[in-house]
Amino acid sequence: MLDFSIRLATKAGDYLKDNLEGEITIEHKGRIDLVTNMDRLSQERIVSEIERAYPDHGILAEEGFSKKGTSAFTWVIDPIDGTNNFIHRIPFFCVAVAVLKDGEPLVGVCRNPVSDETFWAQAGRGAFKNGAPIRVSQTRRMIDSLIATGFPYDHDDMASLLGRFERVLRKARGIRRMGSAALDLCMVASGSLDGFWEQGLKPWDMAAGVVILREAGGAVTCLDGSPFDLERGDIVASNARVHEELQGCMRDDR
Ligand code: IPD
Ligand code: CA
Ligand code: CA
């Protein structure tokens, strides 16, 4: 399944890269939540290949495809993570493919076709970028940390969103908002970033990156510090060493 996932993400990524300069059709799923013809085409290709290879597996894919399987395995697909970047031709987006076993992330692959970087991991077997092992950073203090975040499409919780942003900004060396949660997690896994947090995410934004980060020695929890839960939609991810300090910034009473 890992090799198959790498092939799937690579093929879908190449297709996106080949069409990046072509005509992109944009539809609105919400006020600022967009989907393009390329998200849909990328997803159709990925889903049909999984159905052919693993007919008894479940599939959950962002652009409106979900199927319950009869086995323990479920594929979780984000056909383009970073759709806004894709639309604006900012080369920071990926195809994210994950496999869950009994609901727990087992395999994760994120492919950025423009930078030609593929991150992958399988639970218990280490994390890799283009075949070389990756590890989280050694940074111990927030003041030496570069932290990424993202903003949800739904702005209902603006006060706590900005509160968290301010508390991290006051403690960290810097904050980045790059536009692909899956790649943000991979960058924590490979040590470029020291941490990441976001609220309002979906399983397909996180599943692949979480396997990769855990296998690279990182830590993930929910915003309140409780064990990570793919269904809850909020995440604090780090190199483990700055986790407590970063997670502390998530508390509204700070
Ligand atoms: C989005 C990206 C972004 C994050 C959003 C996600 P999409 O996914 O991961 O970085 O801030 O919350 O929804 O819509 O590009 O697949
Ligand atoms: Ca996404
Ligand atoms: Ca997407």
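Residue numbers here run from 1 along each chain, matching the order of that chain's written sequence. As a convention, the first chain written is A and the first ligand written is 1, with the rest following in written order. Local features are withheld for residues below a pLDDT of 70 in this predicted model, meaning they are given only at 70 or higher, and side-chain atom pairs are given and counted only at 80 or more; totals for whole chains, interfaces and linings count all residues. Think of the side-chain values as coming from all heavy atoms in the structure, minus any hydrogens and water.

Peer 1: Looking at this structure, how should I read the coordination of the calcium ion (ligand 2)?
Peer 2: Ideal coordination angles are 109.5 degrees for a metal with four donors arranged tetrahedrally and 90 or 180 degrees for a metal with six donors arranged octahedrally. Only nitrogen, oxygen and sulfur atoms qualify as donors, provided they sit within 2.8 Å of the metal or within 3.2 Å for Na, K and Ca; with water excluded from the atoms, sites may seem incomplete. For the calcium ion (ligand 2), the full set of protein donor atoms is Asp78 (OD), Asp81 (OD) and Asp205 (OD), at a range of 2.1 to 2.2 Å. The sequence pattern describing where the donors of the calcium ion (ligand 2) fall on their chain is D-x2-D-x123-D. Between the calcium ion (ligand 2) and the calcium ion (ligand 3) the interatomic distance comes to 3.7 Å, and Asp78 is a ligand of both metals. Asp81 matches Asp78 in its accessibility class, with the two residues each being buried. Burial classes follow relative accessibility: with a 1.4 Å probe on protein chains only, a residue under 20% of its type's maximum area counts as buried, one over 50% as exposed, and anything between as partly exposed.

Peer 1: Is there a simple way to explain helix 6 (residues 203-215) in this structure?
Peer 2: Think of an α-helix as 3.6 residues a turn; residues three or four steps apart then line up on the same face. Secondary structure is summarised from DSSP: a helix means a run of H or I of at least four residues, a strand means a run of E of at least two, and numbering begins at the N terminus for each. Multiplying 1.5 Å by the residue count of a helix minus one yields the expected span of that helix. Between its first and last C-alpha atoms helix 6 spans 18 Å; for 13 residues at 1.5 Å apiece the expected length is 18 Å, and the two agree. One axis fitted to the seven residues ending at a residue, another fitted to the seven starting there: the angle between these axes is the bend at that residue. Gly209 marks where helix 6 bends most, by close to 30°. Of all the 13 residues making up helix 6, 12 are buried; the element is thus mostly covered by neighbouring parts of the structure. Directly after helix 6, the chain includes Gly217, whose backbone phi takes a positive value near 95°.

Peer 1: What's the story with the coordination of the calcium ion (ligand 3) in this structure? I'm lost.
Peer 2: Coordination of the calcium ion (ligand 3) by the protein comes from Glu62 (OE), Asp78 (OD) and Ile80 (O), over a distance range of 2.2 to 2.3 Å. Sequence spacing among the residues donating to the calcium ion (ligand 3) works out to E-x15-D-x1-I. A relative accessible area of 1% means that Ile80 is categorised as buried.

Peer 1: Could you clarify how one ought to interpret the packing of helix 1 (residues 2-18) against helix 2 (residues 37-53) in this entry?
Peer 2: Working note: a packed helix pair is described by the angle between its axes plus the distance between those axes. Each axis is a line fitted through C-alpha atoms, taken for helices only over the stretch in contact, and angles between the N-to-C directions span 0 to 180 degrees. Relative orientation of the contacting elements helix 1 and helix 2 amounts to 155°, with a least axis distance of 10 Å. It follows that helix 1 is roughly antiparallel to helix 2 by the angle criterion. Note that helix 1 runs across helix 2; the crossing there is right-handed. For the pair helix 1 and helix 2, contact is made by Phe4, Leu8, Lys11, Ala12, Tyr15 and Leu16 and by Met38, Leu41, Ser42, Arg45, Ile46, Glu49, Ile50 and Ala53, respectively. Here the nonpolar group is Ala, Val, Leu, Ile, Met, Phe, Trp, Tyr, Cys and Pro; Asp, Glu, Lys and Arg are the charged ones; every other residue, Gly included, is treated as polar. Residue classes in the contact of helix 1 with helix 2 are distributed as 10 nonpolar, 1 polar and 3 charged. Here the angle decides the label: under 35 degrees means roughly parallel, over 145 means roughly antiparallel, 65 to 115 means roughly perpendicular, and every other value means oblique. Should the near helix be turned counterclockwise from the far one by less than a right angle, the crossing is left-handed, whereas a clockwise turn marks it as right-handed. Residue contacts are defined here by distance: any two heavy atoms, one from each residue, within 4.5 Å place the two residues in contact.

Peer 1: Looking at this model, I keep getting lost on the packing of aromatic side chains. Mind explaining?
Peer 2: Two aromatic rings, taken as a pair, are described by how far apart their centres are and by the angle between their planes. Any two of the Phe, Tyr and Trp rings considered here, Trp counted by its six-membered ring, make a pair once their centres fall within 6.5 Å; the pair's planes then place it as stacked at under 30 degrees, edge-to-face at over 60, or tilted in between. Within this structure, the stated rule accounts for 7 aromatic pairs. Ring centres 5.1 Å apart and planes at 90° place the aromatic pair Phe86 and Phe93 in the edge-to-face group. Classification of Phe93 as buried rests on a relative accessible area of 0%. In this structure, Arg45 packs its charged tip against the face of Tyr15, placed 3.6 Å from the ring centre. Both a distance and an angle decide whether a charge sits over a ring: NZ of Lys or CZ of Arg must be within 6 Å of the ring centre and within 35 degrees of the ring normal.

Peer 1: Teacher, can you tell me more about the domain arrangement of the chain here?
Peer 2: Often, the extent of an interface is quoted as the loss of accessible area upon association of its parts. An automatic or database domain assignment supplies the start and end points of every domain. What the domain assignment reports for the chain is domain 1 (2-133) and domain 2 (142-248). Between the C-alpha centres of domain 1 and domain 2 the distance comes to 20 Å. Once two parts are put together, the accessible area they lose, assessed with a 1.4 Å probe and summed over both, is termed the buried area. Together domain 1 and domain 2 conceal approximately 2,300 Å² of surface at their shared face, both sides included; 73% is due to carbon and sulfur atoms. Taken as a group, Phe92, Pro105 and Phe119 account for 25% of the area that domain 1 buries against domain 2, more than any other trio of residues on that side. Here, a salt bridge means any side-chain nitrogen of Lys or Arg that lies within 4 Å of a carboxyl oxygen of Asp or Glu. Applying the counting criterion to the domain 1 and domain 2 interface returns 0 salt bridges.

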